[in-house]
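Chain by chain, the residues:
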Amino acid sequence: MSDDKHSSEHVSFDEEKADVTHIDLANNVQARIQNPLRGIPRPKLMKQVEHFVHEKGLQDKVDLFKRAAVLAQNPNDFETQPDLSEEEKEHIRRETTHRWHQSKSMYMTIIICSIAAAVQGWDQTGSNGANLSFPQVFNLDSDPGNPRADLNQWIVGIINAGPYIASSLIGCWLTDPLNYYLGRRGTLFWCGIFCTLSVIGSGLAQTWPQLFVCRLLLGLGMGPKATTSPVFAAENVPANIRGGLVMSWQMWTAFGIFLGFCANLALEGAGSIAWRLELGSAFLPAVPLTLGIYFCPESPRWYMKKNRYLDAFKSFCRLRNSEIQAARDMYYVHCQLEEEFAVLKGTTYFSRFFDLFTVPRIRRATLASFVVMIAQQMCGINIIAFYSSTIFVNAGYSAKQALLASWGFGLVNFLFALPAVWTIDTFGRRNLLLFTFPNMAWTLLAAGFCFYIPGSSAAKVPLIALFVFLFAAFYSPGEGPVPFTYSAEVFPLTHREMGMSWAVATCLFWASVLSITFPRLLGAFGATGAFGFYAGLNVIAFIMIFFLLPETKQRTLEELDYVFAVPTRKHASYQLTTFLPYWIQRYVFFRKVELEPLYHFDEVVSYTTPEKGAGH
């Protein structure tokens, strides 16, 4: 795109809005977030609505959409708008006073996405308990006297990494075409099939190559599921509770991990087939996912992307408490998408992929999602999720005691994810990460040093378990829920499937690297060295997040176009020269100082509360 089209302010593509200036979505150097309807005279707005309803086949709703357009243009003044009925005004009021009062269809969407997350978690932990027995069954044990110990450690790591290898290299990249042809619901149905049959196959495997192939097939379901479920949830819920509900992906992944540990513990006494049952039991939550997905409404934004506006309106009506809310959200999204499509025109699969790294607004979202996703592997959570039983056995526990300690880890991981339902939309995504990463670093380091305690001491293993549990307690409300919530938000609709594919592929690729390398890392460095290595990575991740991760809380998906149009250099400079000195003055020297805001909001929708200190 030529430079003259990327001036800091330019005239909108719509001739009827020719006198209204808009912010450049490629290079928002002014850091302004603007309502796309701002400044349009009422007669022009009414004319645009009439054109919209006739073009989209919604002629019988023209009066509704006129009221909705005025409401979307002036969201803070709804009490004074005479065209709105008292019943409609009450629905708008309740968005603030009763923000968790939502439609049954909206919550059904969240339930199904939560089940998809539980499948993800259970799939991860089935191998955790199975690691204690399947290597012996397939002659892959790594006892110190075994001359093949080093090779067997690599093979066990590769088997465990199978789903993540397939997801990162193939599964995630199927998301774009699957969503294009099947929609969000059809994609999740595909995932449910693969997540059901492949784990049953894992439990029936007779050789380690057969087990490895089944684990690879599992990745073809895990990848599109991890990519599509958060996007599906993010597109269906209102902005003011989006973080709290989309983060249910991680909360229920944590619950799935806990259920997997429960299954491992319950099946520990099943003898030689225990590992088969531990791997195969993960099909249980995949069945209701496969059957329940078609009881949910399809994403209205997906329908709008397909120019199926009548279906989109029906979907919005199912997802909102009233028609006025559905029409307001639909028209607001439509106007913002017109701006978005005019600048960000990913037309083919490969052009959308290359746009992730070449279009400035999308490139910044790509970088931010990369940072938050790779940080999830850098923090070290999956060395516990994948190998906790092995770690506790090495520390001196019996197999049953190790499974019980792993169960405790799973319980802590789930329980401490619950507060994030509220804090992620109030405290914010970025602040949660900046608070929890330093705490994850010291708890992981402390757990590693506890391995120096003599084995004769009764305090050794309980202390290791204590610091591992504290680590999980700090992980669960921070780096646990944020990555998938954040990545599902930050990409424009034109590139949302491709962007989420990139983000999840990043996460799962590095998960596969961790899974492959940790058995050998543990053998070479010992537990203290391995834990210390990941504690250091926590510090590096903290620095990356501080400079490269914009806040996204309580902004609509379309308003985030403006956030990510702010140059990375400007954002990083603000953190170093404005926010950091403010934080030191405020929280180190306890001085009352004001923080100069980075973003400025111009008449954005009322149910997205401006960040503290932000001016209109």
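Under an unreviewed UniProt entry, the name given to the protein chain is Major facilitator superfamily (MFS) profile domain-containing protein, and the organism recorded is Gymnopilus dilepis. In its Catalytic activity (unreviewed entry) section, the UniProt record describing the protein chain reads: "myo-inositol(out) + H(+)(out) = myo-inositol(in) + H(+)(in)". Taken verbatim from the UniProt record of the protein chain, the Sequence similarities (unreviewed entry) comment is "Belongs to the major facilitator superfamily. Sugar transporter (TC 2.A.1.1) family."

Caption draft 1: Spotlight on the overall build of the protein chain. A tally of helices and strands in the protein chain yields 26 helices and 4 strands. Of all 616 residues assigned to the protein chain, the portion counted as buried reaches 61%. Within the protein chain, contacts between residues separated by at least 24 positions form 78% of all contacts whose residues are at least 6 apart in sequence. Here the protein chain displays about 23000 Å² of accessible surface, and carbon together with sulfur accounts for 64% of that area.

Caption draft 2: Here's a closer look at unusual backbone geometry. Phi angles above zero are rare outside glycine, and N139 is one such case at about 55°. Looking at where N139 falls in the secondary structure, it is placed in the loop between α5 (134-137) and α6 (149-171). Unusually for a residue other than glycine, F590 sits at a positive phi of about 55°. Overall, the relative accessible area of 65% leaves F590 in the exposed class.

Caption draft 3: Fine view of the packing of aromatic side chains. Applying the stated criterion across every chain yields a total of 36 aromatic pairs. Taken together, a centroid distance of 6.3 Å and an interplanar angle of 45° make the contact between F579 and Y582 tilted. Here the residue F579 and the residue Y582 both occupy positions in helix α26 (residues 568-587), the gap between them amounting to 3 residues, near one helical turn. Given the relative accessible area of 17%, Y582 is considered buried. By the ring-pair criterion, three or more aromatic residues cluster together here, those being W173, F353, F354, F357, F370 and W502. Above the face of the Y180 ring, K306 is positioned so that its terminal group lies 3.1 Å from the ring centre. Note that R586 overlies the ring of Y587, its terminal NZ or CZ placed 5.2 Å from the centroid.

Caption draft 4: Structural detail: the environment of A441. Mapped onto the elements, A441 comes out in helix α21 (residues 429-449). Note on A441: relative accessible area 10%, which makes it buried. In the structure, A441 is positioned 101 residues away from F542 in sequence and 9.7 Å away in space, judged by C-alpha atoms. In this view, A441 contacts A535, N538 and V539; residues no more than four positions away in its chain are not counted.

Caption draft 5: Quick look at helix α19 (residues 399-415). The end-to-end C-alpha separation of α19 is 24 Å, in line with the 24 Å expected for 17 residues at 1.5 Å each. Buried within α19 we find A402, L403, A405, S406, G408, F409, G410, V412, N413 and F414.

Caption draft 6: Region of interest: the pattern of salt bridges. With the rule as written, the count across this model stands at 17 salt bridges. With its nearest N and O atoms 2.9 Å apart, the salt bridge here joins R184 to E235. Taken together, the residues span a long stretch of sequence, with R184 in helix α7 (residues 175-204) and E235 in helix α8 (residues 208-236) at a distance of 51 residues. Here E235 falls in the buried class, since its relative accessible area comes to 0%. With a closest N to O distance of 2.2 Å, R429 and E489 form a salt bridge. You can see R429 sitting in helix α21 and its partner E489 sitting in helix α23 (residues 482-490), a full 60 residues away along the chain. You'll find R429 and E489 in the same group, each marked buried.

Caption draft 7: The arrangement of the confidence of the model for the protein chain in detail. On average, residues of the protein chain score 82 in pLDDT, and 88% of them reach the 70 mark or higher. Element-level mean pLDDT values for the protein chain span from 38 in strand β1 (residues 9-11) up to 94 in helix α14 (residues 309-319). Confidence drops under pLDDT 50 across residues 603-616; counting only partners more than four residues distant or on other chains, this segment forms 45 contacts.

Caption draft 8: Up close: helix α18 (residues 381-395). Between its first and last C-alpha, α18 extends only 18 Å over 15 residues, short of the 21 Å set by a 1.5 Å rise per residue. Burial within α18 is extensive, with 12 of its 15 residues counted as buried. Buried within α18 are the following residues: I381, N382, I383, I384, A385, F386, Y387, S388, S389, I391, F392 and A395. Positive backbone phi, approximately 125°, marks G396, located one or two places after α18.

Caption draft 9: Representation of the side chain of E278 in the model. With respect to the secondary-structure elements, E278 resides in helix α11 (residues 274-280). Although E278 is buried, it forms no salt bridge, and the closest oppositely charged side chain is R215 at an N-O distance of 11 Å. Look past the residues within four positions of E278 in its chain and what remains in contact with it is G126, G129, A130, N264, L267 and E268.

Caption draft 10: Region of the structure containing the packing of helix α4 (residues 104-130) against α18. Relative orientation of the contacting elements α4 and α18 amounts to 35°, with a least axis distance of 5 Å. Touching Q124, T125 and N128 of α4 are N382, I384, A385, F386, Y387, S388 and S389, all from α18. Its residues assigned to classes, the contact of α4 with α18 shows 4 nonpolar, 6 polar and no charged.

Caption draft 11: Structural detail: the packing of helix α17 (residues 360-378) against helix α24 (residues 496-548). At a minimum axis distance of 3 Å, the contact between α17 and α24 shows a crossing angle of 155°. Classified by the angle their axes make, α17 and α24 are roughly antiparallel. As for the relative orientation of α17 and α24, their crossing is left-handed in sense. When grouped by side-chain class, the residues that make up the contact of α17 with α24 number 22 nonpolar, 6 polar and no charged.

Definitions and limits used
Residues numbered from 1 in each chain as written. Predicted model: local features only at pLDDT ≥ 70, side-chain atom pairs only at ≥ 80, totals over all residues. Heavy atoms only, no water. UniProt positions renumbered as here; feature names shortened; annotations may be inferred. Helix = DSSP H or I, 4+ residues; strand = E, 2+ residues; numbered from the N terminus. Buried < 20%, exposed > 50% of the residue type's maximum accessible area, 1.4 Å probe, protein only. Contact = heavy atoms within 4.5 Å. Areas by Shrake-Rupley, 256 points an atom, 1.4 Å probe, with all protein chains shown as cover. Phe/Tyr/Trp six-rings, centres within 6.5 Å; stacked < 30°, edge-to-face > 60°. Lys NZ or Arg CZ within 6 Å of the ring centre and 35° of its normal. Expected span 1.5 Å × (residues − 1). Salt bridge = Lys/Arg side-chain N within 4 Å of Asp/Glu carboxyl O. pLDDT = per-residue confidence, 0-100. Lys, Arg positive; Asp, Glu negative; His and termini not counted. Axes fitted to C-alpha atoms, helices over the stretch in contact; angles between N-to-C directions. Nonpolar A, V, L, I, M, F, W, Y, C, P; charged D, E, K, R; others polar. Parallel < 35°, antiparallel > 145°, perpendicular 65-115°, else oblique. Left-handed = near helix turned anticlockwise from the far one by under 90°.

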